[in-house]
Amino acid sequence: LGLEDSKSIENSLMSKVIHDGKRYVVPLPWQEDHPLLPDNYAHARKRFFTLLTRLQKDSNLLAKYDNIMREQLQQEIIEEVNDTETVEIGKVYYMPHTCVIREDKATSKVRVVFDASAKTDGVSLNDCLHSGPSWYSDLFAILLRFRCHRIGIVADLEKAFLNVAVQKKDQDVLRFIWTDEPHQEHPKLKAFRFTRVCFGVSSSPFLLASVIKTHLDANSVELPALSYEFENSTYVDNYCGGADNVRDGKQFHADSKRLFKEAGMNLRQWSTNNQELQASFGEASNHHESSPKEPTFAETNLNP
């Protein structure tokens, strides 16, 4: 995309980002004159049974995978599709999915990964969407600024993508197949869909960045220094910055938690190389966390 096209996509999306009182809601950035999505249910069904065969060979893995689906359903991240609903032709897409096991991660070792690039008749969902321009600060510049602080601080946004809602009319292209009977040889299949931004869709990083930028812009008058800091020290959902002293670090922690809570997000996994500041984070930094914290700087022998 050229600079002019990127700016046009950026402005178009930013004008449509809204806050519903609980979280931000975004549209999918459709390409103009994109092809109609073909009926890919059969392909997704075939991929589902390949996945299920793999999962059923490991009961522990199957249970974890099923728990992820149940938790997301309970949290209204996904919802079951009503068979009686009518949808526009070319506006339905089923994303195949699989599991990725990360033994090197302290959190979410089993992750469900969705494939929005799966093609039927030469067309996939990702083919129809703009991936959008990158708004992230240069990673090298972020690391340089990080080294300038006397006290280093890192944190991340918990399930950031899943805390951004997708507008209702776009949700049917975020469908997938699952079942309430994953242990059965011939389970009854059900259609579900995401109500939130789904990782695996090419435009998702752009959508998340749009929401963060919109929120920081909205708070730039009241909290100019804080908004500037996050805009220039955040990469996707990870903050990497710091403070000059413990007092400023404590204030930054409190203000940052409040800032992102207003966006429906939880800034968590706070780590610092300063023991006094780390102790002050305490239980407040772990609120709503369901998984262990990442190792602290001290535990990884990382010092500024």
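Procedures and definitions
- Residues numbered from 1 in each chain as written.
- Predicted model: local features only at pLDDT ≥ 70, side-chain atom pairs only at ≥ 80, totals over all residues.
- Heavy atoms only, no water.
- pLDDT = per-residue confidence, 0-100.
- Contact = heavy atoms within 4.5 Å.
- Salt bridge = Lys/Arg side-chain N within 4 Å of Asp/Glu carboxyl O.
- Helix = DSSP H or I, 4+ residues; strand = E, 2+ residues; numbered from the N terminus.
- Buried < 20%, exposed > 50% of the residue type's maximum accessible area, 1.4 Å probe, protein only.
- Pairing = 2+ DSSP bridges.
- Axes fitted to C-alpha atoms, helices over the stretch in contact; angles between N-to-C directions.
- Patch = residues over 30% accessible without salt bridge, like charges linked within 9 Å, V, L, I, M, F, W, Y side chains within 5 Å.
- Areas by Shrake-Rupley, 256 points an atom, 1.4 Å probe, with all protein chains shown as cover.

Student: It is not clear to me how the confidence of the model for the protein should be interpreted in this structure. Could you clarify?
Tutor: Averaged over the protein, the pLDDT score is 88; the fraction of residues at 70 or greater is 88%. Scored below 50 in pLDDT, residues 283–304 shows 47 contacts in the model against residues more than four places distant or in partner chains.

Student: Looking at this structure, how should I read the pattern of salt bridges?
Tutor: In total, this model carries 15 salt bridges according to the counting rule given. A salt bridge links Asp-217 to Lys-213; the nearest nitrogen and oxygen atoms lie 3.3 Å apart. In this pair, Asp-217 and Lys-213 are both assigned in helix H5 (residues 204–218), 4 residues apart and thus about one turn of the helix distant. Within this structure, Glu-79, Lys-168, Asp-172, Arg-175 and Arg-193 form a network of salt bridges that share partners.

Student: Explanation requested: unusual backbone geometry in the structure shown.
Tutor: It is generally the case that most residues other than glycine have a negative phi and that most peptide bonds are trans. For Lys-159, which is not glycine, the phi dihedral falls at a positive 45 degrees. The topology assignment puts Lys-159 in the loop between strand E6 (151–157) and strand E7 (165–166). For Lys-159, a relative accessible area of 38% puts it in the partly exposed group. Positioned with a positive phi, Gln-269 is a non-glycine residue whose angle comes to about 50 degrees. Along the polypeptide, Gln-269 turns up in strand E12 (residues 267–272). Owing to a relative accessible area of 7%, Gln-269 belongs among the buried residues under this scheme.

Student: Would you take a moment to explain the sheet that holds strand E8 (residues 175–179) for this structure?
Tutor: Hydrogen bonds along the backbone pair up the strands of a sheet, which may run parallel or antiparallel. Strand order across the open sheet formed by 3 strands is E3-E9-E8, with antiparallel pairing between neighbours. A single partner strand is all that each edge strand has here, and the edge strands are strand E3 (78–80) and E8. Here the average twist between neighbouring strands, direction ignored, is 40 degrees. The pairing of E3 with strand E9 (residues 189–194) spans 3 bridges and is classified as antiparallel. Residue Glu-79 lies in a different strand from E9, and its bridge partner there is Arg-193. Packing of helix H3 (residues 59–74) onto the sheet brings it into contact with E3, E8 and E9, and relative to E8 it is tilted by some 125 degrees.

Student: Looking at this structure, I do not really get a nonpolar patch on the surface. What am I missing?
Tutor: A contiguous nonpolar patch, built from Leu-139, Leu-143 and Tyr-235 and spanning about 260 Å² of accessible area, is present on the exposed surface. Locating Leu-143 in the fold gives a position in helix H4 (residues 139–148).

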